[in-house]
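Residue-level structural notes
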Amino acid sequence: FDATNALNGQTNITLDLTDVGPAQAGTYEVVVTNVYGSSTSAPATLTIVIPANILIEPTNQVANVGDTVTWTVVAGGTAPFSYQWYFDAGVMGLATNATLVLSNIVPAEAGVYQVVVGNDFGSVTSAPANLKVVVIPKVVCSPDTSVPLGTPWDFSPPSYSDTNLTLQVLNTTTNLLCGSSFSATRQWTVTDTNGYQVPCSQTVQVLDSAAPVMTCPADKAVPHGTSWAFDLPRATEAGAIEAIVYDNRTNNLNQNLDPGQAEVGNQITLAGSQRYPSSLVLGYWGSNATQGVFVGAVTARVRFYRMDGPVLSAAVATPGTVFYDSGPLGIRATNQGALVLKDFQLSAAAPLAGALPSVFTWTVRFDGLGSNDAAGLSLSGPPGVGQSAAGYWALGTNGWALQGQGGQSFGAQLAALSSGVSLSVVSTVTNVQCAQNFTVTRSWQALDACSHAATCSQTVSVVDQSPPLVLSQPQDQSALVGQTVSLSVSVSSCPPTSYQWYFNQTNALSQGTNATLVLTSVTIARAGSYQVLITNAYGSSTSGPALVSVSGAPTILSQPLDQVVTGGGTAVFTVSAAGTPAPTYQWLFNDTNSLSGAVSNSLTLTNVQNSQRGFYSVVVSNSAGTVTSSRAALTVVQAPVITLQPQNLTNFQGQSVVFTVTAVGTSPLSYQWMANCTRPVSGATLPTLRLKSVTPNDSGSYCVVVSNAFGFVLSEPAVLRVLAQARLTSLTQSQNGVALGFTTVTNLFYSVYSSALLPATNWSLLPGAFQQPGTGVPMTVTDPAATGRQRFYRILVE
């Protein structure tokens, strides 16, 4: 079975399966075996099918006219299924689904409904389901309604036209809503002759729509700087009834209790049903042993406690939870004083929420007592209204203790209302009017138990009666000529102020009657001190002075002029300028190079060099602006200066000679060579003097004059020596030796040597004959050693 499941005992040619079910659907095959092997058959598929059957039958139904009826049949078997619904054995044309829906039923559709469910393997008919259609009596129920409290009203019963119907009141219930509002509900049943019933009900809400009644404090004004507070409104619910619920102030025993620093009070039981307090009056006394007033700022603090504290041994519960705390209330020294509390919410440190319990404890504690100060409560007898527990509670270091069980209680009276409202602050709005004048408006809301609200407000005007106060002084101003200057003062002042501006303290300005003074197109003459006098109904104030400085941009009255200076000389450039404030100066060389220290209106250059030639200008500045002068040219001129002198020369006769001079100076330079530094050489007007084929006559000193438009300079002498052979003019022998005479040339030097033999290897210098200067006339030299047969002489010319 299914390829792998061997069927136990199925070993024959035929496999018989009886009472087959869905679990046996699948494939079957057989393995045939003999001694030589086995073979497996092809698989055979077994499919199990189930005829249609009904698992859940349609059921009987009862419907009202106009209702919707739904039947559903659940079929079992092999899908798919077919459905056909029948009404009173008749085929219903389009009713061929498992669900039959009949909408907006009418009486004619009452009867028997069945469904035939089928599949490919059979069909089955459901059990009959009966539909009963009920005709509802036509009854109109009255709608719910609301009426104001205090107006007459009644229920409106249901209406119908069928006289065979019977109306019966089932019940009427009343429920409290909020405050005095309530709702009432009545229920009826309308029954027809067949016993069919239609229920009806109507609810009438009787609503209290009256808002709480509020009494607000009147608006008020207070001087600035004084202490103030909002007054408190009073509010009660409309129609609330007030009554005294506790009172023992009428039984004053004229006795005082001094509790010192202890908190003391009475446990009271309230009379009547009013539980929303409207006023509490507590009697007290206060004194100082040495004076008529308290030394300190004495206050009294009132608290309400629930009786839920720890239980004492006598099964008496102690004060526990604080549900109201007045906060500190100022009191004065008096024999018979009264604390009167009318606000239990807005001004309280711990506001009272809701109604008072019928039994609670009120307490008082006195604080701020100074030296010789004392304060306490007045003792009273049993209350005339309500009840007071025997004795009074005192709070000590060990908790609450019951004191004075002899029946003593304290003078107090509590009035309460039958209903209460909740008071709260809605908003506090501050509006600044001017200066330190402002108004503060506080709004309150009273809300009753039905959330009906009433509002009111109080406005406190704080009035500043001070003279004007200058908040910000006018500030010093700097302006250029022609500009506009504004001076302003900020003032705290109310009522509105008047202004009067003054120039240099005494000059009232006709246009200066506002907080801001505007000076248009200012001139130098309007520079000075400005201040303003501010006045209001309560006095006046004067601002501090504000200095206005008026600046004029610098202008150049005369420009610097071009300068021509000989090198090494002095150049002076001058500019004339005006401006307010006085301008400063900075000289520039060639437009961009600032000259260090050149910061006056005059620039002096000493020992001027050629490197300083160029253009000079000056930047003139003050706080109002800057202006640059025109450029002035500096031309540096120079007389000739010989930088390289002509040099001495020695040349042979017949050669060419060249003398050269190098000079600097302002062009053009002129040259004139001078022979022997006195006689101009014709045509010698160049830096170079050339002499061709010189002779001894050309020997001598040569100078050159270098000149330009700014001067001249004479060079140092340059000596020319023309070397010419000496010519023997005489030769004379005497007892003193031999005298030689020979020609000479000026500026040449002559040395005479002798030798006894030729060729000579060693010439001897004659005495006194070394480098003797020529004079242009013959020179005689004596050789005292000329004693032999022969003598040879040599003359060296240099």
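Scroll up to find the structure this text is about.
First things first, this report covers the structure right here in the doc. (Residues numbered from 1 in each chain as written. Predicted model: local features only at pLDDT ≥ 70, side-chain atom pairs only at ≥ 80, totals over all residues. Heavy atoms only, no water.)

1. Re the overall build of the protein
The secondary structure content of the protein amounts to 0 helices and 76 strands. What you see for the protein is a C-alpha radius of gyration of 72 Å, clearly larger than the 28 Å of a compact globule of 798 residues, by over 25%. For the protein, the C-alpha atoms occupy an extent of roughly 210 × 145 × 65 Å along the three principal directions. Put simply, of all contacts in the protein between residues at least 6 apart along the chain, 65% involve residues at least 24 apart. (Helix = DSSP H or I, 4+ residues; strand = E, 2+ residues; numbered from the N terminus. Rg over C-alpha atoms; globule rule 2.2 N^0.38 Å. Contact = heavy atoms within 4.5 Å.)

2. Overview of the nonpolar core
Membership of the largest hydrophobic core comes to 36 residues, with the highest contact counts inside it found for Phe304, Ile331, Phe360 and Trp362. With 4 residues, strand β31 (residues 359-367) is the largest single contributor of residues to this core. Discounting residues that sit within four places of it in the chain, isoleucine 331 has contacts with Tyr284, Phe294, Val298, Ala300, Leu339, Phe366 and Ala375. If you look at the next biggest cluster of nonpolar residues, it comprises 20 residues, including Ala52, Ile54, Ala95 and Val133. (Core = buried A, V, L, I, M, F, W, Y, C linked by side-chain atoms within 4.5 Å. Buried < 20%, exposed > 50% of the residue type's maximum accessible area, 1.4 Å probe, protein only.)

3. Quick look at the state of the cysteines
Using the criterion set out here, one finds 4 disulfides in the structure. The disulfide partner of cysteine 178 is cysteine 450, and the S-S distance across this bridge is 2.0 Å. Judged by the sign of its S-S torsion, about 115°, the bond between cysteine 178 and cysteine 450 is right-handed. Here cysteine 178, found in the loop between β18 (166-176) and β19 (182-191), pairs with cysteine 450, found in the loop between β39 (437-447) and β40 (453-463); they are 272 residues apart in sequence, far enough to count as distant. We classify cysteine 178 as partly exposed; its relative accessible area is 22%. Bridging cysteine 216 to cysteine 456, the disulfide has an S-S length of 1.4 Å. Across the S-S bond linking cysteine 216 and cysteine 456, the dihedral sits near 70°, which makes this disulfide right-handed. With cysteine 216 in the loop between β21 (213-215) and β22 (220-223) and cysteine 456 in strand β40, this residue pair connects regions lying 240 residues apart in the sequence. Overall, cysteine 456 belongs to the buried group, its relative accessible area being 15%. (Disulfide = S-S within 2.5 Å.)

4. A closer look at the pairing of strand β11 (residues 99-102)
By the alternation rule, side chains of β11 split into Leu100 and Leu102, which are all buried, and Thr99 and Val101, of which none is buried. Bridge analysis of strand β7 (residues 69-72) against β11 gives 4 bridges, and the strand direction is antiparallel. Each bridged residue has a counterpart across the sheet, and for tryptophan 71 the counterpart in β11 is leucine 100. (Pairing = 2+ DSSP bridges.)

5. Brief notes about the packing of aromatic side chains
All told, the structure shown has 23 aromatic pairs when counted by the stated rule. Aromatic pair phenylalanine 304 and phenylalanine 360: ring centres 5.0 Å apart, planes at 50°, arrangement tilted. Within this pair, whereas phenylalanine 304 is found in strand β28 (residues 299-305), its partner phenylalanine 360 is found in strand β31, the two being separated by 56 residues in sequence. Accessibility classification places phenylalanine 304 together with phenylalanine 360 in one group, the buried group. Sitting over the face of the ring of tyrosine 753, arginine 794 holds its NZ or CZ atom 5.8 Å from the ring centroid. (Phe/Tyr/Trp six-rings, centres within 6.5 Å; stacked < 30°, edge-to-face > 60°. Lys NZ or Arg CZ within 6 Å of the ring centre and 35° of its normal.)

6. Things to note about the sheet that holds β18
Spatially, β16-β20-β19-β18 is the arrangement adopted by the 4 strands of the open sheet, whose pairing is mixed. Only two strands of the sheet have a single neighbouring strand rather than two, namely β16 (145-148) and β18. Taken pair by pair, the neighbouring strands of this sheet meet at an average axis angle of 20°, ignoring direction. In the sheet, β16 pairs with strand β20 (residues 197-207) via 4 bridges, with the strands oriented parallel. Bridged to threonine 145 within β20 is valine 204. (Axes fitted to C-alpha atoms, helices over the stretch in contact; angles between N-to-C directions.)

7. Side note on the pattern of salt bridges
Taken as a whole and assessed by the stated rule, the structure comprises 7 salt bridges. Among the salt bridges present, the one from glutamate 263 reaches arginine 303, with a minimum N-O distance of 3.4 Å. Placement of the pair is glutamate 263 in strand β26 (residues 263-269) and arginine 303 in strand β28, with a sequence separation of 40 residues. As far as burial versus exposure is concerned, glutamate 263 and arginine 303 are alike and both buried. Salt bridges sharing partners connect three or more residues here, namely Glu263, Arg301, Arg303 and Asp325. (Salt bridge = Lys/Arg side-chain N within 4 Å of Asp/Glu carboxyl O.)

8. Considerations on a nonpolar patch on the surface
Nonpolar side chains collect at one region of the surface, where Leu7, Leu15, Leu17 and Val20 lie side by side and expose about 270 Å² of accessible area between them. Position of leucine 15 among the secondary structure elements: in the segment before β1 (26-28). (Patch = residues over 30% accessible without salt bridge, like charges linked within 9 Å, V, L, I, M, F, W, Y side chains within 5 Å. Areas by Shrake-Rupley, 256 points an atom, 1.4 Å probe, with all protein chains shown as cover.)

9. Considerations on the environment of tyrosine 793
Relative to the helices and strands, tyrosine 793 resides in strand β76 (residues 792-797). Residue tyrosine 793 is classed as partly exposed on the basis of its relative accessible area, which comes to 23%. Each C-alpha atom, one on tyrosine 793 and one on serine 466, is 137 Å from the other, the two residues being 327 residues apart in sequence. A polar contact of 2.6 Å, which involves the side chain of tyrosine 793, links it to the side chain of aspartate 783. (Polar contact = N/O pair within 3.5 Å; in protein donor to acceptor, adjacent residues only side chain to side chain.)

10. Examining the sheet that holds β22
Read across the open sheet, the 4 strands follow the order β22-β40-β39-β38; overall the sheet is mixed. The sheet is open, and its two borders are formed by β22 and β38 (422-434), each paired with just one other strand. With strand direction ignored, the average angle separating the axes of adjacent strands in the sheet is 20°. As paired elements, β22 and β40 share 4 bridges and run parallel to each other. Looking at β40, one finds that valine 222 is bridged to valine 462.

11. Re unusual backbone geometry
A cis amide bond links alanine 79 to the next residue, proline 80, at an omega of 5°. Structurally, proline 80 is set in the loop between β8 (74-76) and β9 (82-87). Geometrically, the link from serine 667 to proline 668 is a cis peptide bond, its omega value of -5° lying close to zero. At alanine 3, a residue that is not glycine, the phi angle is positive and equals roughly 75°. Considering the arrangement of structural elements, one finds alanine 3 in the segment before β1. When its relative accessible area of 59% is taken as the criterion, alanine 3 is described as exposed. At cysteine 677, a residue that is not glycine, the phi angle is positive and equals roughly 65°. Turning to its location among the elements, cysteine 677 is positioned in the loop between β64 (670-675) and β65 (679-680).

12. Here's the deal with the environment of phenylalanine 770
As for its placement among the helices and strands, phenylalanine 770 is situated in the loop between β73 (764-765) and β74 (772-773). Overall, the relative accessible area of 45% leaves phenylalanine 770 in the partly exposed class. On a C-alpha basis, the gap between phenylalanine 770 and proline 328 in space is 142 Å, while along the polypeptide they are 442 residues apart. Each residue touching phenylalanine 770, except ones within four places of it in the same chain, is listed here: Tyr750, Ser751, Tyr753 and Leu765.

13. Thoughts on the pairing of strand β49 (residues 539-542)
Relative to β49, strand β48 (residues 528-536) is paired through 4 bridges, and the arrangement is antiparallel. Directly across from asparagine 536, in β49, lies its bridge partner glycine 539. Adjacent in sequence and paired antiparallel, β48 and β49 are bridged by 2 residues.

Keep in mind these numbers describe shape, not what the thing actually does.
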